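The lines below spell out each chain.
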Amino acid sequence: MNAAVMSGADPVLPAADGEQGPVGSRRLHGWLGAAVALLLAVSAAMLLGRSWTACDVGVSNAANSGFLLWLFIPGLWTVLLLVWVAVGALLGNRPFLHALALAVTLLGVVWCVLSIFWEGASTPPCPGGVPPWWPSFIPVPGF
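Residues numbered from 1 in each chain as written. Predicted model: local features only at pLDDT ≥ 70, side-chain atom pairs only at ≥ 80, totals over all residues. Heavy atoms only, no water.

A. The overall build of the chain, seen in detail. Looking only at helices and strands, the chain features four helices and zero strands. Out of the 143 residues in the chain, the part that is buried amounts to 29%. For the chain, contacts bridging at least 24 residues in sequence account for 62% of all contacts bridging at least 6. By element, 72% of the accessible surface of the chain is carried by carbon and sulfur atoms, the whole surface being about 9200 Å². (Helix = DSSP H or I, 4+ residues; strand = E, 2+ residues; numbered from the N terminus. Buried < 20%, exposed > 50% of the residue type's maximum accessible area, 1.4 Å probe, protein only. Contact = heavy atoms within 4.5 Å. Areas by Shrake-Rupley, 256 points an atom, 1.4 Å probe, with all protein chains shown as cover.)

In structure tokens form, the structure reads like this:
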């Protein structure tokens, strides 16, 4: 018979001595997903905002930052968190495959979102639609 059942401890909930059960690991995975999704959303918003500012795209910096802060970051964070949960549900308990799939999928979603909102318009500060600080070895977001 199982030692947890014999001792009267609940096998689903984490033990008091720090041992993690299924609920504790799911909670940790959820907090990690929320943190990673927020980090990626804020990073994407900063990259997009800096490219808009460098190329003088949009109405004004205040309007652009309002959009990025109140609509873009929460929207992208929600999408990335849903992708995190979906990949976790599909792949289950295979750590290497799970980590690889999460990295590829989350970066792919961020790249697609940046491609949608990236303004490739030629402006006087950015003749090719690319900010001057953009490294040449990284492809410009866009479809």
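Picking up after the structure, the text goes on.
B. A look at the environment of Asn64. Within the element layout of this structure, Asn64 appears in helix 3 (residues 61–91). The class for Asn64 is buried, based on a relative accessible area of 11%. Leaving out residues up to four positions away in the same chain, Asn64 has contacts with Trp52, Val57, Gly58 and Val59. Polar contacts involving the side chain of Asn64 include one to the main-chain carbonyl oxygen of Val57, which spans 2.9 Å. (Polar contact = N/O pair within 3.5 Å; in protein donor to acceptor, adjacent residues only side chain to side chain.)

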